[in-house]
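Inside the fold
Read off the chains here:
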Amino acid sequence: MAFVTVLPLQAQGNTAELDALRAQIEERQQQLDYSIATAKELEKALQNAEQKLSELFRGLKQTRSQLEENREQQAQLEQQQKQLIAQIRQQKDALSSQLRSAYMTGQHDFTKMLLNQGDAAKLERMLSYYRYLNQARMEQIQAFTRLARDLQKVEKELQIKVDELAELLEVQEAQRQLLAREQDNREQSLAALEKRITSEAEQIEQLQINEQNLIQAIARAEARASASQQVLAGLQPYKGQLLKPTGGRMRNLFSSRRQGQIRWKGAMFDGRAGDSVRAVHHGRILYADWLRGFGLVMVLDHGEGYMSLYGYNQALLKDVGDTVQAGEEIALVGQSGGQSSPGLYFELRHKGKAVNPAGWIQP
């Protein structure tokens, strides 16, 4: 005979409520997991768009440098052209004056001059004088010819530079159009991402994931630094003397609450998109890539466990393994990583631990 345990009505009601609550928690967890999975796909689209933008901004910067160099070369050639034209004009005037003088004194007719001279000594002097004048005219004609050739060469080089300038302007316009399209793609990806991650729990989850990604990236960079044969002296002797990474105002966020229990590990520098980002001290590039939550990131090794990190960049101008000097341009200020406005995120770390940058950067 089977026995059935019968719970009191109150206990049955509590069990039903508990089951319903568990079902609700499970449903919300599934929704959160789905949102995070979708956010990862959108992050990938954002990453692709911002990496393309980085390459385009880097190419556009190089094109602008080439344009500036081309215009300077054109200006130099035009100045050289003016000088040559002036010299040719002087040579023409001098040669014309000599020819006119020779004609007026009858020196144009060498046979007549020989027949009219009875005094041998005087004849010899006249012949010497004639040879001197003739040699001088020949030298001026040769100089005139050289100047004419130089002018022709300069004008040819100038035309080449004009053609190159036209091509560079076409390249620049094509780059601008590509930039516009990629910026539209970035805006669309960013809008979709912000729409997807709405709740506080999802945002905190994203920040925790971003922080872990950064920690892992720095750990990998440290491993590469320890394997390097290059000796760097560290930053301790330069505390308070490090250069500002960009020209804007520094807002020290270190240790302030970011969201939930997540705290800032660095500082923000105000800036305009495209402003220069510069190395705070001599170092070697350990990391130069897109990193979730931080956008386009550059990490420099300064030795003795010291590293500096530069995030949210518009473009990265150096590659892993490059050695840079203090103040050297390494990136451009931007708003990658999903930022709504341009600026530079900066961190200092020692043996993997974030250090307050306030006491290290020059005022």
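Quick summary incoming for the structure in this document.

Reading guide: rules and limits
- Residues numbered from 1 in each chain as written.
- Predicted model: local features only at pLDDT ≥ 70, side-chain atom pairs only at ≥ 80, totals over all residues.
- Heavy atoms only, no water.
- Pairing = 2+ DSSP bridges.
- Helix = DSSP H or I, 4+ residues; strand = E, 2+ residues; numbered from the N terminus.
- Phe/Tyr/Trp six-rings, centres within 6.5 Å; stacked < 30°, edge-to-face > 60°.
- Buried < 20%, exposed > 50% of the residue type's maximum accessible area, 1.4 Å probe, protein only.
- Core = buried A, V, L, I, M, F, W, Y, C linked by side-chain atoms within 4.5 Å.
- Contact = heavy atoms within 4.5 Å.
- 1 Å grid on protein atoms, 1.4 Å probe; cavity = no way out; pocket = protein on both sides within 12 Å on 5 of 7 lines; lining within 4 Å.
- Points joined across faces, edges and corners; volume = space filled by probe spheres on them.
- Nonpolar A, V, L, I, M, F, W, Y, C, P; charged D, E, K, R; others polar.

This part takes up the sheet that holds strand β9 (residues 315-316). Strand order across the open sheet formed by three strands is β5-β11-β9, with antiparallel pairing between neighbours. Two strands close off the open sheet at either side, each with one partner strand: β5 (276-278) and β9. Pairing between β9 and strand β11 (residues 329-332): two bridges, direction antiparallel. Opposite A315, over in β11, you have L332 as the bridge partner.

Considering all chains together, one arrives at six aromatic pairs under this definition. Here the aromatic rings of Y310 and F346 are separated by 5.4 Å at their centres, their planes lie at 65°, and the arrangement is edge-to-face. Of the two residues, Y310 is situated in strand β8 (residues 306-313) and F346 in strand β12 (residues 343-350); the sequence distance between them amounts to 36 residues. The same class applies to Y310 and to F346, which are both buried.

Before going further, it helps to spend a moment on the nonpolar core. Soluble, globular proteins show a tendency: their nonpolar side chains are buried together. L242, V277, M298, L300, Y310, I330 and F346 are the most contacted members of the largest nonpolar core, which totals 24 residues. Where this core is concerned, the elements lending two or more residues are β6 (283-291), β7 (295-303), β8, β11 and β12. Contacts of L242, omitting those with residues within four sequence positions, involve L235, V280, H281, L348, W360, I361 and Q362. Formed by 16 residues, the second largest nonpolar core is a distinct cluster that contains V297, M307, L309 and Y345.

All told, the structure shown has one cavity of 30 Å³ or more when counted by the stated rule. Within this model, the largest cavity holds a volume of roughly 80 Å³. The wall of the largest cavity is formed by twelve residues, among which E211, R258, R263, K265 and F294 lie closest to the centre. Split by residue class, the lining of the largest cavity holds six nonpolar, one polar and five charged.

Attention now goes to unusual backbone geometry. Phi is positive for E304, close to 55°, though the residue is something other than glycine. Locating E304 in the fold gives a position in the loop between β7 and β8. E304 sits in the exposed class, given a relative accessible area of 56%. With a phi angle near 55°, K351 is a residue other than glycine that sits in the positive phi range. Accessibility expressed as a relative area gives 64% for K351, which makes it exposed.

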